[in-house]
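An overview of the molecular structure
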Amino acid sequence: MGRHAYLVMAHNEFELLGQLLELLDYEENDIYLHIDKKAIDFPKEEISQRVRKSGLFYVPPAEVNWGGYSQIACEMGMFKYMVTQAKVKYQYYHLLSGVDLPLKSQEEIHAFFDSHDGQEFVTMDPYDPSEKKYIFRVKYYYPFQEKIGAARAKGKSAHVLKFLAAVCLPIQKLLRVDRCKGTEMRMGANWINITRPCLEYIVSKEEEIYKQYRMTLCGDEFFIQNTLLNSPFRDKISDKPLRFIDWERGEPYVFRKEDFRELMDSGYLWARKFSSVVDEEVVALIADDCSINQGDTVCS
């Protein structure tokens, strides 16, 4: 059994984050936590006390704006931190959001990755060359997306910026702008589970990633997938989804108490997303069902 690193990105829901960290707290794990630079009233001391068995490390904070390149820059910053600053070379690196929860014990999760050692778990949607589904996000330039994302996060009006962005698109289409140039472009969740060699490979492609994905729209759902499609790791990729994410009932759906049995019977290792504000009961039920106490893992 190798040691695992959890890379967690959070910006709010700090009570839920504390519960997540408790469920990740395990002797064979270390946790690397990134808190958005814009976060308000982050209870660092309280959060730090929730972790007793794992190493807990705070990654230097960056400001992250929805849909902008800053999301990619933050993830790449965490990946580079693991390569250049972390003292341990881990068997697996798990990128989670602060509103995820595990659905299995850490012993079960480690056993799964021991039995699939060497596979890279990166989900990918089927290739669709048309603009109707998602290619438009990376085919054209979105020079205002960072500011639009910042305004969205702060609850401010972004009507002018959205208007300017909307004007840019038909002009680019008229000029036949195509950043993809007909190449296969795949999309998937940015929440991944990869090995050390794969992580190092992604870090080595930082310059190419910047050139390809700056000024894109939600490019964080593309850059890992397409970097690995054109790499020695392509044949090692398993797009078996390990997270329960429901896009049918929401964007994504926030799980409730009535979803508890469905979640625990799903077979997934993690689920996203949760909110202590929307429904704290389902969080408590999952914590009770699969908890870590004094070195013993108890999972019903």
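Here the structure is a predicted model, which is why all the values come from computation and not from measurement. (Residues numbered from 1 in each chain as written. Predicted model: local features only at pLDDT ≥ 70, side-chain atom pairs only at ≥ 80, totals over all residues. Heavy atoms only, no water.)

1. Quick look at the environment of D30
Locating D30 in the fold gives a position in strand β2 (residues 29-35). Spatially, the C-alpha atoms of D30 and K273 are 22 Å apart, while their sequence positions differ by 243 residues. Once residues within four sequence positions are removed from consideration, D30 is found in contact with R3, H4, A5, Y6, S54, G55, F57, V88 and Y90. One polar contact links D30 to Y90, side chain to side chain, over a distance of 2.7 Å. (Helix = DSSP H or I, 4+ residues; strand = E, 2+ residues; numbered from the N terminus. Contact = heavy atoms within 4.5 Å. Polar contact = N/O pair within 3.5 Å; in protein donor to acceptor, adjacent residues only side chain to side chain.)

2. Points about the nonpolar core
Ranked by size, the top nonpolar core spans 43 residues in total, and within it F79, M82, I202, Y213, F223 and L228 carry the most contacts. For this core, the secondary structure elements donating two or more residues are β1 (4-10), α3 (69-84), β4 (92-97), α5 (131-139), α8 (196-204), α9 (206-213) and α10 (223-229). A total of eight residues in this core trace back to one element, the largest contributor, which is α3. Aside from chain neighbours lying at most four places away, what touches M82 is A5, L7, Y32, Y90, Y93, R196 and L199. Within the second largest apolar cluster, 38 residues are counted, among which are F14, L242, M264 and W270. (Core = buried A, V, L, I, M, F, W, Y, C linked by side-chain atoms within 4.5 Å. Buried < 20%, exposed > 50% of the residue type's maximum accessible area, 1.4 Å probe, protein only.)

3. Digging into the packing of α8 against α9
Contact geometry for α8 and α9: axes closest at 5 Å, N-to-C directions at 60°. With respect to α9, the element α8 is oriented oblique. Only E206, E208 and I209 of α9 make contact with α8, whose side of the interface consists of I202, V203 and S204. Residue composition of the contact of α8 with α9, grouped by class: three nonpolar, one polar and two charged. (Axes fitted to C-alpha atoms, helices over the stretch in contact; angles between N-to-C directions. Parallel < 35°, antiparallel > 145°, perpendicular 65-115°, else oblique. Nonpolar A, V, L, I, M, F, W, Y, C, P; charged D, E, K, R; others polar.)

4. Focus: a nonpolar patch on the surface
A cluster of nonpolar side chains, namely V160, F163, L164, V167, I171, L174 and L175, defines an oily patch on the protein surface of about 730 Å² accessible area. Following the sequence through the fold, V167 ends up in helix α7 (residues 159-174). The class for V167 is partly exposed, based on a relative accessible area of 35%. (Patch = residues over 30% accessible without salt bridge, like charges linked within 9 Å, V, L, I, M, F, W, Y side chains within 5 Å. Areas by Shrake-Rupley, 256 points an atom, 1.4 Å probe, with all protein chains shown as cover. Salt bridge = Lys/Arg side-chain N within 4 Å of Asp/Glu carboxyl O.)

5. Details of the pattern of salt bridges
For the structure on display, the rule yields 18 salt bridges. Taking the shortest distance from any N to any O, the salt bridge between E208 and K205 comes out at 4.0 Å. Overall, E208 belongs to the partly exposed group, its relative accessible area being 43%. A single network of salt bridges, built from pairs that share partners, joins D246, R249, D259 and E262.

6. Concerning the side chain of N226
Locating N226 in the fold gives a position in helix α10. The exposure class assigned to N226 is buried, which follows from its relative accessible area of 5%. Excluding its chain neighbours within four sequence positions, the residues that come into contact with N226 are E184, M185, R186 and Y213.

7. A closer look at the sheet that holds strand β10 (residues 270-272)
Reading across the sheet, the three strands line up as β5-β10-β9 and stay open at both edges, with mixed pairing between neighbours. The open sheet is flanked by β5 (100-102) and β9 (243-244), the only strands paired with a single partner. Both β9 and β10 contribute to a ladder of two bridges, which runs parallel. Bridging across to β10, R243 finds its partner in W270. (Pairing = 2+ DSSP bridges.)

8. Side note on the confidence of the model for the protein
Any residue range with low pLDDT should be treated as having predicted coordinates unsuitable for detailed reading. Counting all residues, the mean pLDDT for the protein is 92, and 95% of those residues have values of 70 or more. Counting interchain partners and residues more than four positions distant, the pLDDT-below-50 stretch residues 292-300 has 26 contacts. (pLDDT = per-residue confidence, 0-100.)

9. Examining the side chain of S54
Within the secondary structure layout, S54 lies in the loop between α2 (44-48) and β3 (55-58). A distance of 2.9 Å separates the side chain of S54 from the backbone nitrogen of Y26, its partner in a polar contact. A distance of 3.2 Å separates a polar atom in the side chain of S54 from the backbone oxygen of N29. For S54, the contacting residues outside a window of four places in its chain are L24, D25, Y26, N29, D30 and I31.

10. Re α3
Helix length check: α3, at 16 residues, gives a terminal C-alpha distance of 22 Å against a target of 22 Å (1.5 Å per residue), a fit within 8%. Inspection of α3 places Y69, S70, Q71, I72, C74, E75, M76, M78, F79, Y81 and M82 among the buried residues, and these make up the whole buried set. (Expected span 1.5 Å × (residues − 1).)

11. Overview of helix α12 (residues 280-289)
Within α12, the full set of buried residues consists of V282, V283, I286, A287 and D289. The buried side chains of α12 occupy one side of the element, clustering within an arc of 165° when seen end-on. More than 90 degrees from the buried face of α12, the exposed residues found are E280 and D288. The backbone nitrogen of E281 lies 2.9 Å from a side-chain oxygen of the residue at the head of α12, namely D279. (Arc of directions from axis to C-beta.)

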